[in-house]
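Observations on the three-dimensional arrangement
Read off the chains here:
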Amino acid sequence: ARGGEDIGQVFRVAVARAHRRKGVGSALVEHAQRGLAQRQCTRVRFTLPGDDGATRAFLGRLGYAVDAVIMERLL
């Protein structure tokens, strides 16, 4: 929860290369969104590797926007 909101977290959506660009990924995201909405979540969060421009573009087309940037390093 953040500020009283229940936030759903999606860790990974994967589509086999042969089935990409056919609406499968969008359908999976929409399915996850419906399930989270049924659980009273008001926001959905994806966490991506910093160099995953393809997934960032895909989610952008679905209306997602960057909310935070997490930086880390090995010790």
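Here is a short report on the structure shown in this document. (Residues numbered from 1 in each chain as written. Predicted model: local features only at pLDDT ≥ 70, side-chain atom pairs only at ≥ 80, totals over all residues. Heavy atoms only, no water.)

What follows deals with the pattern of salt bridges. Tallied over the full model, the rule gives 1 salt bridge. With its nearest N and O atoms 3.1 Å apart, the salt bridge here joins arginine 43 to glutamate 5. Residue arginine 43 is found in strand E2 (residues 43-46), and its partner glutamate 5 is found in the segment before strand E1 (7-10); the two are separated by 38 residues along the sequence. Of the residues examined, arginine 43 reaches a relative accessible area of 34% and is grouped as partly exposed. (Salt bridge = Lys/Arg side-chain N within 4 Å of Asp/Glu carboxyl O. Helix = DSSP H or I, 4+ residues; strand = E, 2+ residues; numbered from the N terminus. Buried < 20%, exposed > 50% of the residue type's maximum accessible area, 1.4 Å probe, protein only.)

Another aspect to go through is the environment of valine 13. Position of valine 13 among the secondary structure elements: in the loop between E1 and helix H1 (24-38). Residue class for valine 13 comes out partly exposed when judged on its relative accessible area of 31%. In this structure the C-alpha to C-alpha distance between valine 13 and proline 49, which are 36 residues apart in sequence, comes to 13 Å. Among residues more than four places away in sequence, those in contact with valine 13 are Gly25, Leu28, Val29 and Phe46. (Contact = heavy atoms within 4.5 Å.)

Quick look at unusual backbone geometry now. A positive phi angle, near 65 degrees, is found at arginine 21, a position not held by glycine. Along the chain, arginine 21 falls in the loop between E1 and H1. In this structure, glutamine 40 is a non-glycine residue whose phi angle is positive, near 70 degrees. By the secondary structure assignment, glutamine 40 is in the loop between H1 and E2. Taking the relative accessible area as the measure of exposure, glutamine 40 reaches 57% and is therefore exposed.

A cluster of nonpolar residues, Val13, Val24 and Leu28, forms a patch on the protein surface that exposes about 190 Å² of accessible area. Valine 24 sits in the partly exposed class, given a relative accessible area of 33%. (Patch = residues over 30% accessible without salt bridge, like charges linked within 9 Å, V, L, I, M, F, W, Y side chains within 5 Å. Areas by Shrake-Rupley, 256 points an atom, 1.4 Å probe, with all protein chains shown as cover.)

Counting 7 residues, the largest nonpolar core consists of Val10, Val29, Leu36, Phe46, Phe58, Leu59 and Tyr64. If you list the elements that add at least two residues to this core, you get H1 and helix H2 (53-61). (Core = buried A, V, L, I, M, F, W, Y, C linked by side-chain atoms within 4.5 Å.)

Within this structure, the stated rule accounts for 1 aromatic pair. Ring geometry for phenylalanine 46 against tyrosine 64: centres 5.1 Å apart, planes inclined by 90 degrees, an arrangement best described as edge-to-face. Note that phenylalanine 46 is positioned in strand E2 and tyrosine 64 in the segment after H2, a separation of 18 residues in sequence. Each member of the pair, phenylalanine 46 together with tyrosine 64, is buried. (Phe/Tyr/Trp six-rings, centres within 6.5 Å; stacked < 30°, edge-to-face > 60°.)

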